[in-house]
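This is what each chain is made of:
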There are 2 protein chains.
Amino acid sequence: MQTKTIKSLAGKKRVILPRAVRRQQLILATMRCISEVGLSSVTMAQVTKEAGLSRGIANLHFERKENLLIETLRFVTDEYNRGQAEILDAATFSSAAEQLAALVQFQFSRSVTEATKMAVWFAFYGEATSRPTYQKICADSDARAARSVRALFTQLGAAQEALIDVGAVTDGYIALIDGLWLNILLAPQKMTRAKAKRVARTFLEGVFPSIKA
Amino acid sequence: MQTKTIKSLAGKKRVILPRAVRRQQLILATMRCISEVGLSSVTMAQVTKEAGLSRGIANLHFERKENLLIETLRFVTDEYNRGQAEILDAATFSSAAEQLAALVQFQFSRSVTEATKMAVWFAFYGEATSRPTYQKICADSDARAARSVRALFTQLGAAQEALIDVGAVTDGYIALIDGLWLNILLAPQKMTRAKAKRVARTFLEGVFPSIKA
DNA sequence: GCTGAGAATGAACGCGTGTTCATTCTTAGC
DNA sequence: GCTAAGAATGAACACGCGTTCATTCTCAGC
């Protein structure tokens, strides 16, 4: 099958693929371009070249450059939210503490902290102030992420004696993670994934002493 | 004096001012423009119009657009660093705890968290990955800020019984502040300055119990 | 009051951009 | 095997950008 596909493509001048495939190719190319030259310098010519496709194809599948950029942002946020939900909505963990450990592990996994993705993430953050569409996508993604973290923290807080302000702790944790990501992006040699994980765990152990065990 | 200046300007077609004044006018206009339309959409025409000056003046004082942008970033980071140094290098505080309180107060002051400034700050962060010059300015500023915070934390840590990892606590605190700023920028109605201050204080009290008093 | 140095202006230019669309090519349905 | 639908192409276009520079204007030094 694989061989047949390759052979059948070899002699053809054009390859026709489903819309969804083309869209993803272009989105991935856009991510690489943004991380290389920055959101403010990305051009359609560059993206289509990076994708190995013709000049007009982006407009065919996204109509306007702005749409491609928006879909790229959505792609990144959706992927993160799906990954986080897989952990926090799962019923397969034997304890909340274990679930929390898995969350930290995920947040500083290679996949999430990949330079390409984080560059895209913060590039859009940087433009969000002046672009309502970006702002909304970022805010929605953040809200979704915060909600499930708060739920877990509520559970952990209820199980211990010391009272905590769940809202403040959630806000603090989310801010801490964002800040650590930013540091990883700006100075990767000073802030490694391992270091960031340790900082996050220290914060959590301070708030939820029971997880230390 | 004031009257004379105004009167003397009224009839003139052109006003000639020192280079430093023009440069600052243009930098301030650039900041307003970035926060309004985003770093990727700022044009020289827009900036010079916002500054109430002619088209060519930016090139006269900065030569290239890129230089104006770099100087704008430097302006913002320098201002912050000066403000932080004023607190952390001062010998006028009666205790380290008091100094720490002043730091938090400063970091979430109106002046620092002003939407215009924070938009500029994060706009450049977003482009830093692909622009070595931005990256260096941001990294240098961060390093300077971190150094004096670490010094204060070392002092506070030495004064208490419980041992802390000063490096990790400093990294965590800096990341927390960055993350809180980002939240203030992206969702100002959800994360207020007061709330952010409380979150920061909670973090610090967890690490340095003595300051609670 | 003159004058030279240089600050300020804004029209003009060339280039690179996003977008369009006539054309070419592929394939599913018959 | 034919054909219609539509996916893919890339040359062409119009526009807006950063930058230049001839010209105008200001004022300190004499």
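Within each chain, residue numbers correspond to sequence positions counted from 1 in written order. Chains and ligands are labelled by the order in which they are written, letters from A for the one and numbers from 1 for the other. Local features in this predicted model are restricted to residues of pLDDT 70 or higher, and side-chain atom pairs are both shown and tallied only at a pLDDT of 80 or more, whereas totals for entire chains, interfaces and linings draw on every residue. Values shown for side chains rest on all heavy atoms present in the structure; no hydrogens or waters enter the calculation.

Asker: Explanation requested: the interface of chain A and chain B in the structure shown.
Answerer: Reports of interface size often rely on the accessible area that becomes lost once the parts have come together. Note on contacts: a residue pair qualifies if any of its non-hydrogen atoms lie within 4.5 Å across the two residues. Of the residues lining the interface, 39 residues belong to chain A; the matching set on chain B comes to 39 residues. A 1.4 Å probe defines the accessible area here, and the buried area is the portion of it lost by two parts on being joined, summed over both. Between chain A and chain B, the buried area comes to about 3,000 Å², and carbon and sulfur atoms account for 58% of it. In terms of surface lost to chain B, no three residues of chain A exceed A:Ser40, A:Thr129 and A:Leu186, which account for 17% of the buried area on that side. Salt bridge, as applied in this entry: a Lys or Arg side-chain nitrogen positioned within 4 Å of an Asp or Glu carboxyl oxygen. Taken together, the connections running from chain A to chain B amount to four salt bridges.

Asker: Sorry, what's going on with the state of the cysteines here?
Answerer: Two cysteines whose sulfur atoms are joined by a covalent bond form what is called a disulfide. Cysteine sulfur atoms are paired as a disulfide whenever they fall within 2.5 Å. All chains considered together, the criterion is met by zero disulfides over all chains. You can see B:Cys33 has no disulfide; the closest cysteine sulfur is in B:Cys138, sitting 20 Å from it.

Asker: In this structure, what is going on with the relation of the copies chain A and chain B? I would like to understand it.
Answerer: Each of the two chain copies can be generated from the other by rotation about an axis followed by a shift along it. Least squares is the method used to superpose the copies, on C-alpha atoms of residues holding a pLDDT of at least 70 in both. Expressed as a screw transformation, the operator carrying chain A onto chain B has a rotation angle of 180 degrees and an axial translation of 0.0 Å, and the superposed copies differ by an RMSD of 0.0 Å. On this basis, the relationship between the two copies can be described by a two-fold rotation axis.

Asker: Is there a simple way to explain the domain arrangement of chain A in this structure?
Answerer: All names here are of chain A. Per the domain assignment, the segments of chain A are domain 1 (16–63) and domain 2 (72–212). Per-residue buried area on domain 1 facing domain 2 is highest for Ile27, Met31 and Leu39; these three make up 59% of the total on that side. Along the contact surface separating domain 1 from domain 2 lie zero salt bridges. Contacts described as polar in this section are N or O atom pairs within 3.5 Å, which, within protein, must combine one atom able to donate a hydrogen with one able to accept it, while residues neighboring in sequence count only if both atoms come from side chains. Counting the contacts that link domain 1 with domain 2 gives zero residue pairs in polar contact (both at pLDDT 80 or more). Lys, Arg, Asp and Glu make up the charged group, whereas Ala, Val, Leu, Ile, Met, Phe, Trp, Tyr, Cys and Pro make up the nonpolar group; the residues left over, Gly among them, are polar. A per-class count over the side of domain 1 that touches domain 2 returns five nonpolar, three polar and one charged. An automatic or database domain assignment supplies the start and end points of every domain.

Asker: Could you clarify how one ought to interpret the packing of aromatic side chains in this entry?
Answerer: Geometry of an aromatic ring pair is reported as the spacing of the ring centres plus the angle between the planes. Only rings of Phe, Tyr and Trp enter the pairing, Trp through its six-membered ring, and a pair is recorded when the two centres are within 6.5 Å. The plane angle decides the type: under 30 degrees is stacked, over 60 is edge-to-face, the rest tilted. Across all of its chains, the model carries 23 aromatic pairs over all chains by this definition. Geometrically, the ring pair formed by A:Tyr80 and A:Trp181 is edge-to-face, given 5.5 Å between the ring centres and 85 degrees between the ring planes. Residue A:Tyr80 is located in helix α5 (residues 65–88), and its partner A:Trp181 is located in helix α10 (residues 166–186); the two are separated by 101 residues in the primary sequence. Per residue, the accessibility class of A:Tyr80 equals that of A:Trp181, and both read buried. Ring geometry for B:Phe108 versus B:Trp181: centroids 6.5 Å apart, planes at 55 degrees, classification tilted. Of this pair, B:Phe108 sits in the loop between α6 (96–107) and α7 (110–113) while B:Trp181 is found in helix α10 (residues 166–186), placing the two residues 73 residues apart along the sequence. Exposure remark for B:Phe108: the relative accessible area of 0% places this residue in the buried category. Look at B:Trp181 and you get buried, because its relative accessible area is 6%. Secondary structure elements are defined from DSSP: runs of H or I of at least 4 residues count as helices, runs of E of at least 2 residues count as strands, and each element is numbered from the N terminus. With a 1.4 Å probe rolled over the protein chains alone, any residue whose accessible area is under 20% of its type maximum counts as buried; one over 50% counts as exposed, and the rest are partly exposed.

Asker: For this particular structure, what's the right way to read helix α9 (residues 132–158) of chain B?
Answerer: Because each turn of an α-helix spans 3.6 residues, side chains separated by three or four positions in sequence point in the same direction. A helix's residues, less one, multiplied by 1.5 Å, set its expected span. Counted at 1.5 Å a residue, the expected span for α9(B) with its 27 residues is 39 Å, and the 38 Å between its end C-alpha atoms agrees. By the burial criterion, the buried members of α9(B) are B:Tyr134, B:Ile137, B:Cys138, B:Ser141, B:Asp142, B:Ala145, B:Ser148, B:Val149, B:Leu152, B:Phe153, B:Leu156 and B:Gly157. On the buried face of α9(B), the contacting elements are α10 of chain A together with α5 (65–88), α6, α8 (115–128), α10 and α11 (193–207) of chain B.

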